[in-house]
Amino acid sequence: MLWCLLLLGGCLAASPRAGGSGAVLRMDVRTIGHAISTALNESDVLQKLGEGATKKKADTKPIKGISGLKVMELRATEVALQLSPAVGISMDVLVQMTLKGKRFIGGKMEIPVAANLSASSRMVRDMQGCPRLSTGRCHVALLCSWTNVPPRMLPLVVSTLQKALRDLLCPAMDMVLDLVNAKFATMMYAIPLGNAGMLQYALLNPPTVTEAFIQLELKTILRSKEGEEVALPTDLPPLTSFPPKREATTQLVLAASFLNAELSVMQASFGLNITNGMVLGLLPLVTTMLGALIPEISSMLPPSRPVVIEMQEAQPPLVTITPEKSTVHLYSTAEFWASTPGSAPESLFVLDVHSELGVRFAVAEERLQFSLMLHSLSQVAVVNSSIGAFNVLSLRGALADIIHVAYVPSINRALRGGVPLPPLLGAPYQHVELRQMQDGLVLDVPVAEH
């Protein structure tokens, strides 16, 4: 099952209905720096501004003694980023360019220029509930320039260049921040969960800025395919403590309560009618097999008649996570039906089944993948029976085999798409180390060098 981003546009403010945070993202300063460098180098922001700077404008003061000035090879060669606790981001960008023109006294000239762009921005939550970098101060320092104009004209050239570069580069930084903010907004887009419903992340509280990372507490909004919101369970503890963030990694923590809610949306697709011969290795689902386990059936139904087991989830699954293991508890009903010639299928009995399944987590294709394995049947009890009372203990082993061979693989197929993870400003989820903590999962995402 392939899931893709459904760009509905706009961010949702955090809903007050949902208890605590479902996910916490501690974004490393290098991840943000990678997004800014990408916006500078892979977009055409600087190129467009350079082209615009060559056009003659009425309010632009010319450099005395120079005509036909053009900005060439405008590029950012180095980006240094620093987080200011409780405030936002400070940036230093080394920019290099070449200015070409003609001297009034004759001859062509070139001015190689290096400048340092210093800018700051605040990290805020905007009116739509999205994280956003707001524009702050901007300063340009001319580091060096060489020109073949007469020395007496150099102070004037430097002074004019200082202002021209500020007018050129500060708008460039505003445009770059807009590109980064657009990537922040993608965290809040709605994402389809196959045919089961929708998932959306929303900022629960204003961003928290420390010296090493920006912390985003994300509310996870889940909706069924009918559009109804599925509230996170309130009887489970929210994310209140986190392991130390590792150096050069962006850390994502997912609460067990979030996985509970995700599975509750998906549980409608867990239903399965298990029939004879459906899966290789499946016990023969005929009345003869049942009669060998439950003598009462042998006297009521002819042998070798087909049996169908209808599996349904009676209540939402429960995920429990500790540092040592992770378990999914399924609360199912198993209704046994038998067919007789010339009549409609007859319900023989309904069982209440509590299964405990181990879960393996992995990260692939920007999603949290997990697969289930049956560990045990904690409870098997008769809810309803048309054949009278019988001892269910004799059926327990056969039922465990049937669930293991047919039902659990069917659930794993339904979960094949995984849980979409919040985008990391364009950085991929690669080489992720996944750890279990009390009531949650920790994903450490190494930050790629740039």
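Please refer to the structure higher up on the page.
Before going into details, it helps to say that this report is about the structure given with it. (Residues numbered from 1 in each chain as written. Predicted model: local features only at pLDDT ≥ 70, side-chain atom pairs only at ≥ 80, totals over all residues. Heavy atoms only, no water.)

## Some remarks on the pattern of salt bridges
Thought 1: Counted under the stated rule, the structure contains nine salt bridges.
Thought 2: Here Asp444 and Arg435 are joined by a salt bridge, their closest N and O atoms 2.7 Å apart.
Thought 3: The buried category is assigned to Asp444, whose relative accessible area is 2%.
Thought 4: Salt bridges sharing common partners tie together Asp28, Arg30, Lys245 and Glu247. (Salt bridge = Lys/Arg side-chain N within 4 Å of Asp/Glu carboxyl O. Buried < 20%, exposed > 50% of the residue type's maximum accessible area, 1.4 Å probe, protein only.)

## Remarks on helix H4 (residues 256–266)
Thought 1: With 11 of 11 residues buried, H4 lies mostly within the body of the structure.
Thought 2: Residues of H4 that are buried include every one of Ala256, Ser257, Phe258, Leu259, Asn260, Ala261, Glu262, Leu263, Ser264, Val265 and Met266, and no others. (Helix = DSSP H or I, 4+ residues; strand = E, 2+ residues; numbered from the N terminus.)

## Observations regarding helix H7 (residues 393–414)
Thought 1: In this model H7 runs 30 Å from its N-terminal to its C-terminal C-alpha over 22 residues, within 8% of the 32 Å that 1.5 Å per residue would give.
Thought 2: If you look at H7, its biggest bend is around 40°, right at Ile403.
Thought 3: Within the span of H7, buried status applies to Leu395, Ala398, Leu399, Ile402, Ile403, Ala406, Tyr407, Val408, Ser410, Ile411 and Ala414. (Expected span 1.5 Å × (residues − 1). Bend = angle between axes of the 7 residues up to and from the residue.)

## Side note on the nonpolar core
Thought 1: In this structure, Ile274, Phe336, Phe349 and Leu351 are the most contacted members of the largest nonpolar core, which totals 120 residues.
Thought 2: Counting residues per element, this core draws most heavily on helix H3 (residues 154–186), which supplies 11 residues.
Thought 3: Aside from chain neighbours lying at most four places away, what touches Phe336 is Leu290, Val307, Val308, Ile309, Glu346, Ser347, Leu348, Phe349, Leu351, Leu395 and Leu399. (Core = buried A, V, L, I, M, F, W, Y, C linked by side-chain atoms within 4.5 Å. Contact = heavy atoms within 4.5 Å.)

## With respect to unusual backbone geometry
Thought 1: Of note in the backbone geometry, Glu366 takes a positive phi value of approximately 65° without being a glycine.
Thought 2: Within the element layout of this structure, Glu366 appears in the loop between strand S15 (346–364) and strand S16 (367–385).
Thought 3: On the accessibility criterion, Glu366 (33% relative accessible area) is partly exposed.
Thought 4: The backbone of Leu425 shows a phi angle near 55°, a positive value even though the residue is not glycine.
Thought 5: Secondary-structure assignment places Leu425 in the loop between strand S17 (419–420) and strand S18 (433–437).
Thought 6: Residue classification places Leu425 among the buried positions, given a relative accessible area of 1%.

## Overview of the pairing of S16
Thought 1: Alignment of S15 against S16, held across 16 bridges, turns out to be antiparallel. Pairing of Phe361 across the sheet is with Phe370, part of S16.
Thought 2: Here two bridges tie S16 to S17, and the two strands are oriented antiparallel to one another. By the bridge assignment for S17, Leu368 is matched with Val419. (Pairing = 2+ DSSP bridges.)

## Concerning the layout of surface pockets
Thought 1: As a volume, the second largest pocket reaches approximately 200 Å³.
Thought 2: Forming the boundary of the second largest pocket are 13 residues, of which Asn195, Ala196, Lys225, Ala268 and Ser269 lie nearest the centre.
Thought 3: Tallying contributions element by element places H4 first for the lining of the second largest pocket, with three residues. (1 Å grid on protein atoms, 1.4 Å probe; cavity = no way out; pocket = protein on both sides within 12 Å on 5 of 7 lines; lining within 4 Å. Points joined across faces, edges and corners; volume = space filled by probe spheres on them.)

## So, the state of the cysteines
What makes a disulfide is a covalent bond joining the sulfur atoms belonging to two cysteines.
Thought 1: All told, the structure shown has one disulfide when counted by the stated rule.
Thought 2: Paired through a disulfide, Cys138 and Cys170 show a sulfur-sulfur distance of 2.1 Å. Its S-S torsion of about -95° marks the bond between Cys138 and Cys170 as left-handed, since a negative value means left-handed. Of this pair, Cys138 sits in strand S5 (residues 131–145) while Cys170 sits in helix H3, and the two are 32 residues apart along the sequence. (Disulfide = S-S within 2.5 Å.)

## Topic: the pairing of strand S11 (residues 249–255)
Thought 1: With seven of seven residues buried, S11 lies mostly within the body of the structure.
Thought 2: In terms of strand pairing, strand S1 (residues 23–28) meets S11 through four bridges, oriented antiparallel. Within the sheet, the bridge partner assigned to Val24 lies in S11 and is Val253.
Thought 3: Examined bridge by bridge, S11 and strand S19 (residues 440–446) share seven bridges and lie antiparallel to one another. Of the residues in S19, the one forming a bridge with Thr250 is Val445.

## A look at the environment of Ile89
Thought 1: Looking at the secondary structure, you find Ile89 in strand S3 (residues 88–103).
Thought 2: Under the relative-accessibility criterion, Ile89 is labelled buried at 1%.
Thought 3: Counting along the chain gives 122 residues from Ile89 to Glu211, while the straight-line C-alpha distance between them is 9.7 Å.
Thought 4: In this structure Ile89 touches Ile32, Leu81, Gln82, Leu83, Ala119, Ser120, Ser121, Leu133 and Ile214, once residues within four positions along its chain are discounted.

## Things to note about empty space enclosed by the protein
Thought 1: Counted by the stated rule, this structure contains three cavities of 30 Å³ or more.
Thought 2: Approximately 40 Å³ is the volume attributed to the largest cavity.
Thought 3: If you go around the largest cavity, the residues you meet are Met91, Ala119, Ser120, Thr135, Gly136, Arg137, Cys138, Cys170, Met173, Asp174 and Leu177.
Thought 4: At the level of elements, strand S4 (108–125), S5 and H3 are the ones that each hand at least two residues to the lining of the largest cavity.
Thought 5: Residues that form the lining of the largest cavity fall into these classes: six nonpolar, three polar and two charged. (Nonpolar A, V, L, I, M, F, W, Y, C, P; charged D, E, K, R; others polar.)

## Thoughts on the side chain of Thr98
Thought 1: Relative to the assigned elements, Thr98 resides in strand S3.
Thought 2: Given the relative accessible area of 13%, Thr98 is considered buried.
Thought 3: Beyond its immediate sequence surroundings of up to four residues, Thr98 is in contact with Lys70, Val71, Met72, Glu73, Glu110, Ile111 and Pro112.

## Digging into the packing of aromatic side chains
Thought 1: For the coordinates displayed, the defined rule picks out four aromatic pairs.
Thought 2: Relative to Phe349, the ring of Phe336 lies with its centre 4.6 Å away and its plane at 25°, an arrangement referred to as stacked. With Phe336 in strand S14 (residues 326–338) and Phe349 in strand S15, this residue pair connects regions lying 13 residues apart in the sequence. In terms of burial, Phe336 and Phe349 fall into one category: buried.
Thought 3: When the centroid spacing of 4.9 Å and the interplanar angle of 55° are considered together, the rings of Phe349 and Phe390 count as tilted. Linking Phe349 in strand S15 with Phe390 in the loop between S16 and H7, this pair joins segments that are 41 residues apart in sequence.
Thought 4: The class for Phe349 is buried, based on a relative accessible area of 1%.
Thought 5: On the basis of relative accessible area, Phe390 is assigned to the buried category, the value being 13%. (Phe/Tyr/Trp six-rings, centres within 6.5 Å; stacked < 30°, edge-to-face > 60°.)

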